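Analysis of the macromolecular model
The lines below spell out each chain.
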Amino acid sequence: DGIDEARVPAIVAALSAGGGAPFALAVRGVGRFPAGGRKPARTLWAGLQVPPALYELAAAVEAALIAPGFAAELRPFAPHLTPARLKHEAG
């Protein structure tokens, strides 16, 4: 989304050097945005039980992408899965 295709080779090169041992993820809770039920759900999410290896991977990916010119993420890393984004109000 919104990435110039000319930058894709630099992204692939930056991420190809990465690696690490596999790790397991476990779902811990589900929810929706906006929360509270006053407005229709727009996003469904599933929280994760997060092993330290996931934080290490996220930091390595961010560091690798700074070199080809991507800005560092200003928001804190919030590991989750997004199984659905709802464009229309649904039951």
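Coordinates for the structure precede this section.
Let us look at the structure shown here. Computed from a predicted structure; not experimentally measured.

With the rule as written, the count across this model stands at one salt bridge. Here Glu-73 ties to Arg-75 by a salt bridge, and the two come within 2.8 Å at their closest N and O atoms.

The tally for this structure, following the rule as stated, stands at two aromatic pairs. One cation-aromatic arrangement involves Arg-7 over Phe-70; the distance from NZ or CZ to the ring centre is 3.9 Å.

Here we take up the environment of Tyr-55. Relative to the helices and strands, Tyr-55 resides in helix 2 (residues 52-66). Separated by 23 residues in the primary sequence, Tyr-55 and Ala-78 place their C-alpha atoms 9.5 Å from one another. If near-sequence neighbours (up to four positions away) are discounted, Tyr-55 is found in contact with Val-50, Phe-77 and Pro-79.

On to unusual backbone geometry. Residue Pro-34 follows Phe-33 across a cis peptide bond; omega there is -10 degrees. Secondary-structure assignment places Pro-34 in the loop between strand 1 (26-33) and strand 2 (43-49).

Reading guide: rules and limits
- Per chain, residues are indexed from 1 in the order of the written sequence.
- Residue-level local features of this predicted model are given only where pLDDT is at least 70; pairs of side-chain atoms are given and counted only at 80 or more, and the full residue set underlies all totals for whole chains, interfaces and linings.
- Excluding hydrogens and water, the side-chain values take into account all heavy atoms of the structure.
- The working definition used for a salt bridge is a side-chain nitrogen of Lys or Arg within 4 Å of a carboxyl oxygen of Asp or Glu.
- Centres within 6.5 Å are what make two rings of Phe, Tyr or Trp a pair, Trp counting through its six-membered ring; a difference in plane orientation under 30 degrees is then read as stacked, over 60 as edge-to-face, and the rest as tilted.
- Charges are assigned to positions over rings by a cutoff of 6 Å between ring centre and Lys NZ or Arg CZ, combined with an angular limit of 35 degrees from the ring normal.
- The numbering of helices and of strands both runs from the N terminus, where a helix is a DSSP run of H or I of at least 4 residues and a strand a run of E of at least 2.
- The contact criterion used is simple: two residues touch if any of their non-hydrogen atoms lie within 4.5 Å.

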